[in-house]
Amino acid sequence: MNLEGKVAVVTGSSKGIGAAIALKLAQAGADVAVNYNRDQAGAEAVVRQIVDLGRKAKAYGADVAITEQVQGMFNAISEDFGKIDILVNNAGITRDTLLMRMKEDDWDKVIETNLKSMFLCTKAISKAMLKQRSGKIINITSVVGFIGNPGQANYAAAKAGVMGFTRTIAREFGSRGINVNAIAPGFIESQMTAELPDDVKETMFKSIPLGRFGKPEDVADLALFLASEKSDYITGQVFNVDGGMVM
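Below is a summary of the structure that appears in this document. (Residues numbered from 1 in each chain as written. Predicted model: local features only at pLDDT ≥ 70, side-chain atom pairs only at ≥ 80, totals over all residues. Heavy atoms only, no water.)

### Overview of the packing of aromatic side chains
So, step 1. In total, this model carries two aromatic pairs according to the counting rule given.
So, step 2. An aromatic cluster of three or more residues is present, and its members are F187, F205 and F213.
So, step 3. Positioned over the ring face of F81 is K56, at 4.7 Å from the centre of the ring. (Phe/Tyr/Trp six-rings, centres within 6.5 Å; stacked < 30°, edge-to-face > 60°. Lys NZ or Arg CZ within 6 Å of the ring centre and 35° of its normal.)

Have a look at this one:
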């Protein structure tokens, strides 16, 4: 799959799944705008790896849940790269606790970062993509959006919202040659999942038919396919990458 001449934006790509996707797209030939909120050092490290691959890359600090910062970032990316062909809405956080203990701020922050950010970033690039009559938008959701998970009412609600958002935008943008799809990872080894208690990990492990936890590269491989011309007749879909955890 060849992405030569394409420009990609990957939100929340200083580490984990986002970093893996940014590197995978660069390996296929894309230039990449790397977004981060707090982890500038991580983002700069990803940029260096992309540059070492012979591609153009630059890190952009922005909280993608804040309108002004999103608009400023996309204006800067358009000026630096000239266009945007691929948007990967990956930025996300967790603030887990049972509903009875969940503070309103825990709810609001997760909804804003995991769902509102997709609205803001997609809207920011929509005019340019609609005008060029092409583009690939890939939203990262979660299997939790399908099945729920105790202690993650905020996260599950946001990720379920991403699925509805994906299907709606796919319908709105389809006539202009823009593909919009989502990836729903299961248990992927990352900094976020490393913090889970061992008993929780063991329970999840037993629910995975393939008998292993996923790696960020497992998600990145599918993101590359969805960003490429190989997926030109696929839109409005949600693809699980979960080792069979949810069937």
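### Re the sheet that holds strand β3 (residues 57-61)
So, step 1. The sheet built from seven strands is open, its strands ordered β3-β2-β1-β4-β5-β6-β7 with parallel pairing. Of all the strands in the sheet, just β3 and β7 (238-241) have a single pairing partner and so form its edges. Averaged over all neighbouring strand pairs, the angle between strand axes comes to 20°, with direction disregarded.
So, step 2. Of the pairings in the sheet, the one linking strand β4 (residues 86-89) to strand β5 (residues 135-140) comprises four bridges and is parallel in character. Within the sheet, the bridge partner assigned to N89 lies in β5 and is N139.
So, step 3. Those strands touched by helix α1 (residues 16-27) are β1 (7-10), β2 (31-36), β4, β5 and β6 (178-185), and its axis lies near 175° from that of β1.
So, step 4. Here helix α6 (residues 153-173) sits on the sheet and contacts β5, β6 and β7; the angle it forms with β6, its principal contact strand, is near 165°. (Pairing = 2+ DSSP bridges. Helix = DSSP H or I, 4+ residues; strand = E, 2+ residues; numbered from the N terminus. Axes fitted to C-alpha atoms, helices over the stretch in contact; angles between N-to-C directions. Contact = heavy atoms within 4.5 Å.)

### Focus on α6
So, step 1. Taking 1.5 Å per residue as the helical rise, α6 with its 21 residues ought to reach 30 Å, and the 30 Å between its terminal C-alpha atoms agrees with that figure.
So, step 2. Residues N154, Y155, A156, A158, K159, V162, M163, F165, T166, I169, A170 and F173 constitute the buried set of α6.
So, step 3. Those residues of α6 that are buried lie in contact with α4 (104-132), β5, α5 (144-147), β6 and β7. (Expected span 1.5 Å × (residues − 1). Buried < 20%, exposed > 50% of the residue type's maximum accessible area, 1.4 Å probe, protein only.)

### Side note on the packing of α4 against α6
So, step 1. Their axes nearest at 8 Å, the elements α4 and α6 cross at an angle of 15°. Looking at the two axes, α4 sits roughly parallel to α6. Crossing of α4 against α6: the hand is right-handed. Contacts from D106, W107, V110, I111, N114, L115, M118, F119, T122, S126 and L130 in α4 reach A153, N154, Y155, A157, A158, K159, G161, V162, F165, I169 and F173 in α6. (Parallel < 35°, antiparallel > 145°, perpendicular 65-115°, else oblique. Left-handed = near helix turned anticlockwise from the far one by under 90°.)

### Quick look at the nonpolar core
So, step 1. Counting residues in each nonpolar core, the largest one holds 36 residues, and the members touching the most others are L3, I21, L25, I50, V88, I183 and V219.
So, step 2. Per-element tally for this core: the top contributor is α1, with eight residues.
So, step 3. Not counting residues up to four positions away in its chain, the partners in contact with I50 are A22, L23, A26, V32, V34, R55, K56 and A57.
So, step 4. Counting 27 residues, the second-largest nonpolar core is a separate cluster that includes V7, V64, L120 and V180. (Core = buried A, V, L, I, M, F, W, Y, C linked by side-chain atoms within 4.5 Å.)

### A few points about the side chain of S13
So, step 1. Topologically, S13 is positioned in the loop between β1 and α1.
So, step 2. Judged by its relative accessible area of 0%, S13 is buried.
So, step 3. A distance of 2.7 Å separates the side chain of S13 from the backbone oxygen of V10, its partner in a polar contact.
So, step 4. Beyond its immediate stretch of four places on either side in the chain, S13 contacts G18, A19, A22, V34, N35 and V46. (Polar contact = N/O pair within 3.5 Å; in protein donor to acceptor, adjacent residues only side chain to side chain.)

### Thoughts on the layout of surface pockets
So, step 1. A volume near 200 Å³ is recorded for the second largest pocket.
So, step 2. For the second largest pocket, the lining is made up of 15 residues, of which K6, K136, A227, E229 and D232 are closest to its centre.
So, step 3. Here the residues of the lining of the second largest pocket are counted per class, giving three nonpolar, six polar and six charged. (1 Å grid on protein atoms, 1.4 Å probe; cavity = no way out; pocket = protein on both sides within 12 Å on 5 of 7 lines; lining within 4 Å. Points joined across faces, edges and corners; volume = space filled by probe spheres on them. Nonpolar A, V, L, I, M, F, W, Y, C, P; charged D, E, K, R; others polar.)

### Focus on the packing of α1 against helix α9 (residues 216-227)
So, step 1. α9 packs onto α1 with a crossing angle of 45° between their chain directions and a minimal axis gap of 8 Å. Put simply, α1 runs oblique to α9. The two elements α1 and α9 cross, and the hand of that crossing is right-handed. On α9, the residues that touch G16, I17, A20, I21, K24 and L25 of α1 are P216, E217, V219, A220, D221, A223, L224 and A227.
So, step 2. Here the residues of the contact of α1 with α9 are counted per class, giving ten nonpolar, one polar and three charged.

### A closer look at unusual backbone geometry
So, step 1. Positioned with a positive phi, R133 is a non-glycine residue whose angle comes to about 55°.
So, step 2. As for its position among the elements, R133 is in the loop between α4 and β5.

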